[in-house]
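Here's the letter readout for the chains.
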Amino acid sequence: MSEQFSRRDFLKLAGVGAATTAILTGCGPASRYVKREPYMQMPEYNYNGQSTYYATTCRECPAGCGLVVRTMQGRAIKTEGNANHPLNLGKTCARGQATLHGLYNPDRVTDPIKRSRGDASSTNVDWDSATQTVADALKNYKPEEIAFLMGTAPDHLFDFVSDLAAATGINAPVRFGALSMFEARATLSKAAENLFGKAGLPFFDIGGAQVVFSFGSNFLETWLSPVSYTRGFVGLREAKTKQRGYLVQFESRMSQTGTKADEWIPLKPGTEAMVALAIGRLAFESRGDALPRAFVDVDPLDVASKSGVKLETLERLAAMFAASAGSLAIPGGPSLGRSNGLAVAEAVLALNAIPDNFGKPGGVYFSVMAPNETESHRPASTQEMQEFVQKMADGKFKVLFVHGVNPVFELPKAINFKGALSGVEQVISFATFPDETALEADFVFPDHHGLESWGYQRVATGSAQPVLSGSQPVVSPFYNTRATIDVLLAAAQLAGGTFASALPFKDEVEFLQGKLTPLMSEAGGFFSAADINTFSAYFQQYGGWWKLDGAFGTPDSADVLNRNLNGAESEFSEGEFFFVPFVSPILAEAGANKPWLQELPDPTTTVMWNTWVEINPETAHELGLENEDLVKIVSEFGEIEAAVYKYPPIRPDTIAMPFGQGHTAYGRYAENRGVNPTDLLGQQVNEAGDLAFAGMKVKIEKTGKKLPIPRLESIMGVYGEALGEEH
Amino acid sequence: MATVTDLKITELKLSEAEGGKWGMVIDQDICTGCQACVAACAMENNVSFVGDVDSGYGRSMHWIRIERFWEGEYPEVKMTPNQPMMCQQCGSATCEPVCPAFATVHSQAEQLNLQVYNRCVGTRYCANNCPYQVRSFNWRDYERPEPLPNQLNPDVTVRTRGVMEKCTFCIQRIHKAQDNAKAEGREVVDGEFTTACAQACPASAITFGRVDDSESLVSQLIKHGHGVKHLEELGTLPNVTYFKGG
């Protein structure tokens, strides 16, 4: 084995189903970059008619699923799950499949540009002056005036900027994403801290459970790690050695996850905490055990009248929960996005003390730390974002770098991120797509698409094995884009001083190798190597590095029930209807610019290409509303118009709306399509600092207009119905 | 009028086709309706997206769709188990005899319903006659702005206006696996390849394989489960088995 070995020899990754490529050792990477060459002079790793497969990591959400991308003559053709990857075991969700429509999206940012804020037109600049602009921004301002706002992926860039911040004194990077906002990650972490004495992201072993009570958790949709949790759900259903598991979903509006439940309990919004506590009390009573402190204060009869769940139902469910050895309770979704969200999370987590499933199969665990992680990390809560925005507005940040996040679109309009930008002298975006935040930036220096990029993502939850999921370019950059780390490295050299000496790396790959080096000496990995070039070649070939064995952490449950838990009802603003915004299971936070995701029917309503508002058919009848009637939804913070969808499984006092559409920028497939429910939301947060996104009431006003919305279920005459005429 | 000899031929054909060759098993109890199969199919098979207006007219081109219905009134509402519906690759397909151009024909070798795009003249008789409503018609030349065509799968023909299309059980994958096996002088092994929908499915609700091999996973599942075939009473001999579950 020598340097003669080419990239093809050791990077040819066996496609799923094909014969496994022999593992090669002792050779360095002959080439670091994939090239797209003309037909006549193709590199030797491309054969005519033969595909080349590259392992990488999906960046459509922060979960970190492994992908194997099929390429042909330098073009990415198809993504598949990486069958060896411990998180997704060869599977993908719809967003992972459609990531190619992001790569080859006709509306990417093709060149570095400068613009006047808010102006869609722009002037191209070259990369030299772009680098100089970044260097000037670093050099001409005090370190404490420089801030980075980053998305929840990729982790290697976050690590890079964190290292840069530590060495130079600029502000530590802040991360945010719409998914983390709707997941209420800070609430989950805080609840774990309060109950178990340690902050962290809990993991729920649905696959090993027998009876699962989910309080609004949308684990089959976008929640935390949907592919992994879907596998858990299959485990619940396909019980090989036991009975088929039973899923009960407590939520006012049936989610996609709720449609798979055996029982749907439409409790009144805001009563989740007391219902959980009542079930706890009744479960203890059904077993004839003495009541622990946590459940003493709750009165089941009172809960039944307040929540709308009959006492018999509560008793029956409590008995079921108490009787099964494999019971599991999961908090999540809109039930945490309330003024009492933290109390809900605590009450529901405490239910797990009834079967005492902490740290046991089918129970509650702590997620494992990824290989190069030292402490549990979570994205910023909405409260922390409010503080960030306040600093922007106050002019404390003079330079703002934005990467991988679109806060102008994602944060509630009431927080006014866009307005606060006027307090920042220079805004530099690294956006791949022309999103709303990039539109409000002075410069956009586009990063590569995820499939053109190096990097890694830590698997935050969903796998017992610690996993560092690796990314490599599967195609050469399609446009005149540049890796953000390379831009920052070059700019740091130009800026000189502490910046020049802070990060002594030649390029992004060298930085990555520096981060991988400590793993070479770590025990338990499924591969190792004596030198870093070989190690990183394996890292590319397999799509990451993970340990062969691993175990989830066990929460310390000693004190869980020995405390007072708050069962008070959540507070809501004035209005007629409880408002439940939910993340579109198909579009999630950034899918709206991918045409095939737009054309996938929503799993519950089958609506495509638009936003709808779900109203109970009875309520709609009382209000004189029909499908596709355009209504105005008014909150104290804003108003939006959307078409009515008569949705059978929703409480008559509740309306619901998907998040994902309503872009004013972000390319031709996303723009001017549907509305954004965050325009209605206020600033109220729960005790853990997460947005109380489902904590308000709204009014509905008729507009007298119709808006036809395409949906799969009624393939005859959507327009005929709406317009009253044949087409 | 059918003669005695004709009837015999029909019966013979039926019995030959009855077993089928390739088949699918779909477990509706674990299908979450997440649409990963639909996206995977579209990416693998160069299925066009048609945009919001044409989607509203019911012209979207999904080769596989997930059906669901609501049962009961609030609060006792339940969704019926998600039902992924695609071409059932009938052994005695109702689409085939009505095609005047022989564009919809039965493959003797693979026991699949073929759609020969360059024969299709767009009468749409086949779609009218399909009881499963799984055929989609190219009402337009749907636009794929540059550089989206870079993603197109070179193994699959891109269809133009006026042509009918439908699920092929990823016949390009079947052929590739057969070619590979032949080159290595062996038979195709069960599980060696699968369709795009089955490969993507996060719940592994879709299983694909040889139904004429009693050892294959699909055959085992069919043997041990309580599966149903849709509209079997029409005599179409569908090759997709559904487990209702629940």
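Values in this document were obtained by computation on a predicted structure and should not be read as measured data.

Draft legend 1. Fine view of the overall build of chain B. Counting its regular elements, chain B contains seven helices and eleven strands. Expected size for 246 residues packed as a compact globule is a radius of gyration near 18 Å; at 19 Å, chain B falls within 12% of this value. The proportion of buried residues among the 246 residues of chain B is 41%. Long-range pairs, those at least 24 residues apart, make up 64% of the contacts in chain B with a sequence separation of at least 6.

Draft legend 2. Geometry of the pairing of strand E10 (residues 246-250) of chain A. Residue and element names in this part refer to chain A. The buried fraction of E10 amounts to four of the five residues, a majority that puts the element mostly inside the structure. As paired elements, strand E9 (residues 211-215) and E10 share four bridges and run parallel to each other. Each bridged residue has a counterpart across the sheet, and for Ser-214 the counterpart in E10 is Gln-249. As defined by bridge partners, E10 adjoins strand E11 (residues 263-265) across three bridges and the pair is classed as parallel. Along E11, the bridge assignment pairs Gln-249 with Trp-264.

Draft legend 3. Region of interest: the interface of chain A and chain B. Each partner contributes to the interface: chain A provides 53 residues, whereas chain B provides 42 residues. For the side of chain A that touches chain B, the secondary structure elements donating two or more residues are strand E3 (75-81), helix H2 (94-97), helix H3 (100-103), helix H8 (226-237), helix H9 (256-259), helix H23 (595-598) and helix H25 (718-723) of chain A. Among the elements that take part in the side of chain A that touches chain B, H8 of chain A stands out by supplying six residues, more than any other. Taken together, the residues of the side of chain A that touches chain B break down into 34 nonpolar, nine polar and ten charged.

Draft legend 4. Representation of unusual backbone geometry within the structure. All names here are of chain A. A cis amide bond links Ala-153 to the next residue, Pro-154, at an omega of 0 degrees. Despite not being glycine, Leu-89 has its phi angle at roughly 45 degrees, a positive value. Along the polypeptide, Leu-89 turns up in the loop between E3 and H2. One non-glycine residue, Thr-606, lies in positive phi territory at about 65 degrees. Mapped onto the secondary structure, Thr-606 falls in the loop between H23 and strand E21 (612-615).

Draft legend 5. Highlighting the sheet that holds strand E14 (residues 399-403) of chain A. Residues and elements named next belong to chain A. On the basis of which strands lie adjacent, the open sheet formed by seven strands has the order E5-E4-E16-E15-E14-E6-E7 and mixed pairing. Of all strands in the sheet, those bounded by a partner on one side alone are strand E5 (123-124) and strand E7 (174-175). Relative to E5, strand E4 (residues 113-114) is paired through two bridges, and the arrangement is antiparallel. In the strand pairing of E5, Lys-114 is matched with Thr-123.

Draft legend 6. Molecular detail of the domain arrangement of chain A. Residues and elements named next belong to chain A. Each assigned domain of chain A is listed here: domain 1 (181-366) and domain 2 (577-723). Put simply, the middle of domain 1 and the middle of domain 2, counted by C-alpha atoms, are 27 Å apart. Taken together, the 26 residues of domain 1 in the interface contact 26 residues of domain 2. Listed by contribution, the elements that provide at least two residues to the side of domain 1 that touches domain 2 are helix H6 (178-183), helix H7 (185-196), H9 and helix H14 (341-351). For the side of domain 1 that touches domain 2, the element with the most residues is H7, which contributes three residues. Looking at side-chain class alone, the side of domain 1 that touches domain 2 contains eleven nonpolar, eleven polar and four charged residues.

Draft legend 7. Fine view of the environment of Asn-406 of chain A. Residue and element names in this part refer to chain A. One can find Asn-406 in the loop between E14 and helix H16 (407-410). For the pair formed by Asn-406 and Ser-429, sequence separation is 23 residues and the distance between their alpha carbons is 10.0 Å. Setting aside chain neighbours within four positions, we find Asn-406 in contact with Asp-435, Glu-436, Thr-437 and Ala-590.

Draft legend 8. Representation of the packing of helix H10 (residues 272-287) of chain A against helix H13 (residues 311-323) of chain A within the structure. All names here are of chain A. Running from amino to carboxyl end, H10 crosses H13 at an angle of 65 degrees, the nearest separation of the two axes being 8 Å. One way to sum up the angle between H10 and H13 is to call them roughly perpendicular. Classified by chirality, the crossing of H13 by H10 is right-handed. Along its contact with H10, which presents Ala-278, Ile-279, Leu-282, Ala-283, Ser-286 and Arg-287, the element H13 presents Leu-314, Glu-315, Leu-317, Ala-318, Ala-319, Phe-321 and Ala-322.

Draft legend 9. Highlighting the environment of Ala-393 of chain A. Residues and elements named next belong to chain A. With respect to the helices and strands, the residue Ala-393 is situated in helix H15 (residues 382-393). By C-beta crowding, Ala-393 is classed as partly exposed, having 17 other C-beta atoms within 10 Å. When the C-alpha atoms of Ala-393 and Leu-421 are compared, they prove to be 6.6 Å apart, with 28 residues separating the residues in sequence. With residues up to four places along the chain from it excluded, the contact list for Ala-393 reads Ala-420 and Gly-423.

Draft legend 10. Geometry of the pairing of strand E20 (residues 577-583) of chain A. Residue and element names in this part refer to chain A. In terms of residue burial, E20 counts as a mostly covered element, since seven of its seven residues are buried. Alternating residues of E20 divide into Phe-577, Phe-579, Pro-581 and Val-583 and Phe-578, Val-580 and Phe-582, and every residue in both groups is buried. Here E20 pairs with strand E25 (residues 696-706) via three bridges, running antiparallel. Pairing of Phe-578 across the sheet is with Lys-697, part of E25. In terms of strand pairing, E20 meets strand E24 (residues 654-659) through six bridges, oriented parallel. Bridge assignment links Phe-582 to a residue of E24, and that residue is Pro-658.

The rules we used
Residues numbered from 1 in each chain as written. Chains lettered and ligands numbered in written order. Predicted model: local features only at pLDDT ≥ 70, side-chain atom pairs only at ≥ 80, totals over all residues. Helix = DSSP H or I, 4+ residues; strand = E, 2+ residues; numbered from the N terminus. Rg over C-alpha atoms; globule rule 2.2 N^0.38 Å. Buried ≥ 20, exposed ≤ 12 C-beta atoms within 10 Å, placed from the backbone. Contact = placed C-beta atoms within 7 Å. Pairing = 2+ DSSP bridges. Nonpolar A, V, L, I, M, F, W, Y, C, P; charged D, E, K, R; others polar. Domains from an automatic or database assignment. Axes fitted to C-alpha atoms, helices over the stretch in contact; angles between N-to-C directions. Parallel < 35°, antiparallel > 145°, perpendicular 65-115°, else oblique. Left-handed = near helix turned anticlockwise from the far one by under 90°.

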